[in-house]
Amino acid sequence: MRPADTNRPALDNSDGNPVITTTGLTKVYDSRGREVTALDGVDLHVREGEVFGVIGQSGAGKSSLIRCVNLLERPTSGTVTVDGVDLTALAGRGQRASKELRAARSRIGMVFQHFNLLSSRTVQGNIELPLEILGVSGKERSRKALELLDLVGLADKAKSYPGQLSGGQKQRVGIARALAGDPKVLLSDEATSALDPETTRSILQLLRDLNQQLGLTVLLITHEMDVVKTICDSAALMKRGRVVETGTVAELLATPGSELASELFPVTGHATGPGRTVVDVTFQGEAASQPVISQLSRTYNIDISILGAAMDTVGGKQIGRMRIELPGPYEENVVPIGFLREQGLQVDAVEDADEPTDVPAQIPALVKENAK
Amino acid sequence: MTWSEMQPLLSQGIIDTLYMVLWATIVSVLGGLPLGLLLVLTDKGGLLQNAVVNKVVGVIVNIGRSLPFIVLLIALIPFTTLVVGTFIGPSAMVVPLAIGAIPFFARLVETAVREVDHGLVEAAQAMGGGVPTVVFKVLLPQALPTLISAVTTTVIVLVGYSAMAGAVGGGGLGSVAVNYGYNRFETNFMLITVAVLIVLVTVVQLIGDGAVRLLARRGRTS
């Protein structure tokens, strides 16, 4: 096990080297003569030591993407580089993986939604499998397996069979197995999607700890926004085979109109009357702990209503969004808004025009429900 | 016929049947296991995808499966003579028995191996495992309980086939039943032979089921 890297760069200036890079990754399936494009030119950059989440609905191409990263699926075109090695160049021809590709894969850990543990082997036997593939001697295998079990908190389950474990314990075994080859990169394919919320939290915590203690780079795919919120430093949103937004969580929040940011921090609320100004204020880092709203109120002697707010800790940092209402039209509030921007906050004016469109949209839905 | 007359015939019959079935089972497993694996591995999307090999093996197995055993038995006489030197007696019967059971067992192996969750294969590949790893550390161990059931079924089919072989001079319980029970109207002898066959099949099934249960138990909560 590598020692914990205490000099890990701070998360918000993660200019680290890219560990996983995909360029123009395209995957086209031939489904009974019809071509289905699962990946459509995906460029992904995962920096060393970060937890990178790819989120999207089912069918968005996340699964194909993560399988293309270790070439379990062959991309139709494009390249995949992991830890400086161009895997697409190693692939060789045909279905069979070349020796070089297999060696590279053994340095990439992978955990699965359905754990994929061998029911015919004990927990320890499962963790030893990747070591057997690497040709590690029996004694060393067993030492390493027990060490990894200890790391994931299952030291007492070595002789149990997977069938005797709970879902969360199975995933811990899956994680221990993925770490057996001392990987630099861990791929997580919906690792928590089959688990209940509490177990999900504990597994995410484990991934976070491993990321910090071992300097492990984690690329995870998920359809749960909560997962991204809980552990990701960076995220990408996938839709119909394309990455439509990507960046660190801070960058995404700073992007006006970012869909991921508004999904992560949904704020709602409408102006209480005409001639008022509604703005979304995004806090992060230092600014999150400053009493800016009361400062604004005192400095300009205005009344501020909070229409909606969402605060959370993302990747260990306080981040939040708030929708506030200021009296008077926008033109009269240029100075207070400037004050907020000076404090390092991001301020986006909310167009009130969407209010009337929202209301009629709801009425037919209600009518329909009543008709049932 | 008195018991003292029947007893040695019966003993020899049981020994010959067990001899034929045992050897035919060993050869069928050795032949059918690779064929069954090959059918899965060379199939579309398989690890060794190869349409030509898959088709050829598939056709051979289907031909073997579609021939009635009694026809195969007679058709193989020249081949059996070539291999064993004779086509009469228990040793000679091992050849047609095994050739008859190989395709049968191969199809059972194919089904058993296909049942293994593809996620497990993917996991082994993601660890850097090649085809041998997938076959010997994932597919076969995971399919083991089903494979043992398949062997049990094959043994029972072979007991049936061996009785048919008895009709054409193969020896064993089949010969005893035909020669004495049928041709000489020894009804008692026939009944005893039937009873012995029933016991034989039951014992084989019990042993097979016991082994499967033993293997299956470790997967469950104890």
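What you see is a predicted model; the values in this text were computed from it and never measured.

A.B. asks: Lay out the overall build of chain B with the relevant residues and their values.
C.D. replies: Across its full length, chain B carries nine helices and zero strands. Taken from N to C terminus, the helices and strands of chain B fall in the order α-α-α-α-α-α-α-α-α. By its C-alpha atoms, chain B is 70 × 50 × 25 Å across when sized along the principal axes. When the 222 residues of chain B are sorted by exposure, 43% land in the buried category. The long-range share in chain B, meaning contacts at least 24 apart out of those at least 6 apart in sequence, stands at 69%.

A.B. asks: Just give me the short version of the UniProt feature "transmembrane region" (unreviewed entry) in chain B, but keep the residues and values in it.
C.D. replies: All names here are of chain B. The UniProt record marks residues 20-41, 53-77, 83-106, 147-169 and 189-216 with the feature "transmembrane region" (unreviewed entry), using the residue numbering of this structure. For residues 20-41, the end-to-end C-alpha separation is 31 Å, with 100% helix and 0% strand making up the annotated structure. As annotated, residues 83-106 has a helix share of 79% and a strand share of 0%, and its two end C-alpha atoms lie 23 Å apart.

A.B. asks: Explain the confidence of the model for chain A to me, and be specific about the residues and the numbers.
C.D. replies: All names here are of chain A. For chain A, mean pLDDT is 84; residues scoring 70 or higher make up 88% of the total. In the predicted structure, residues 1-14 sits below a pLDDT of 50 and forms 18 contacts with residues beyond four places in sequence or in another chain. Predicted confidence is poor over residues 353-372, with pLDDT under 50, and the contacts of this stretch with residues over four places away or in other chains come to one contact.

A.B. asks: Give me the lowdown on the packing of helix H4 (residues 123-134) of chain A against helix H5 (residues 138-151) of chain A, citing residues and values where you can.
C.D. replies: Residue and element names in this part refer to chain A. H5 packs onto H4 with a crossing angle of 120° between their chain directions and a minimal axis gap of 9 Å. It follows that H4 is oblique to H5 by the angle criterion. Note that H4 runs across H5; the crossing there is right-handed. Note on element contacts: H5 touches H4 through Arg141, Ser142, Lys144, Ala145, Leu148 and Leu149, opposite Val123, Gln124, Ile127, Glu128, Leu131 and Glu132. Split by residue class, the contact of H4 with H5 holds six nonpolar, two polar and four charged.

A.B. asks: Go over the interface of chain A and chain B with me, naming the residues and quoting the values.
C.D. replies: Reports of interface size often rely on the accessible area that becomes lost once the parts have come together. Taken residue by residue, the interface counts 23 residues in chain A and 24 residues in chain B. Of all elements in the fold, only helix H3 (99-105), strand S6 (108-112) and H4 of chain A reach the threshold of two or more residues within the side of chain A that touches chain B. Take the side of chain A that touches chain B: its biggest share by element is four residues, from H4(A). For the side of chain A that touches chain B, a count of residues per class yields ten nonpolar, nine polar and four charged.

A.B. asks: Give a description of the nonpolar core that names residues and reports values.
C.D. replies: The biggest cluster of nonpolar side chains holds 156 residues, and the ones touching the most others in it are A:Leu219, B:Leu97 and B:Val109. Broken down by element, the residue count for this core peaks at 17 residues, all from helix H7 (residues 131-167) of chain B. Every residue in contact with B:Val109, bar those within four places of it in the chain, is listed here: B:Gly32, B:Leu33, B:Gly36, B:Leu37, B:Leu147 and B:Ala150.

A.B. asks: Outline the pairing of strand S9 (residues 234-239) of chain A, supporting the account with residue identities and numerical values.
C.D. replies: Residue and element names in this part refer to chain A. Along S9, five of the six residues are buried, which leaves the element largely enclosed by surrounding structure. Bridge count for strand S3 (residues 51-55) against S9 is four bridges, and the pairing is parallel. Counterpart to Val54 in the pairing with S9 is Ala236. Bridging between S9 and strand S10 (residues 242-248) involves six bridges; their strand directions are antiparallel.

What counts as what
Residue positions are given per chain, counting from 1 as you read along its sequence in written order. Each chain is given a letter, starting from A, and each ligand a number, starting from 1, according to the order in which they appear as written. It should be noted that, the model being predicted, local features are given only for residues of pLDDT at least 70 and side-chain atom pairs only at 80 or more, the latter also being counted only at that level, while totals for whole chains, interfaces and linings use all residues. Secondary structure elements follow DSSP: runs of H or I no shorter than four residues count as helices, runs of E no shorter than two count as strands, and numbering proceeds from the N terminus. Counting other C-beta atoms within 10 Å of a residue's C-beta gives its exposure: the residue is buried at 20 or more, exposed at 12 or fewer, and partly exposed in between, where C-beta atoms are placed from the backbone. We call two residues in contact if the C-beta atoms placed from their backbones are at most 7 Å apart. UniProt positions are given in the numbering used here, feature names are shortened, and annotations may be inferred rather than shown by experiment. The pLDDT value expresses, per residue, how confident the predictor is, ranging between 0 and 100. Helix axes are fitted to C-alpha atoms over the stretch in contact, other axes to C-alpha atoms as well, and angles between N-to-C directions run from 0 to 180 degrees. For classification, angles of less than 35 degrees are called roughly parallel, those exceeding 145 degrees roughly antiparallel, those between 65 and 115 degrees roughly perpendicular, and all remaining angles oblique. Crossing chirality is assigned from the near helix's rotation relative to the far helix, an anticlockwise turn below a right angle marking it left-handed and a clockwise turn marking it right-handed. Residues are sorted three ways: Asp, Glu, Lys and Arg are charged, Ala, Val, Leu, Ile, Met, Phe, Trp, Tyr, Cys and Pro are nonpolar, and all the rest, Gly among them, are polar. By convention in this section, buried Ala, Val, Leu, Ile, Met, Phe, Trp, Tyr and Cys residues joined through C-beta atoms within 7 Å make up a nonpolar core. Any two strands with at least two DSSP bridges between them are considered paired.

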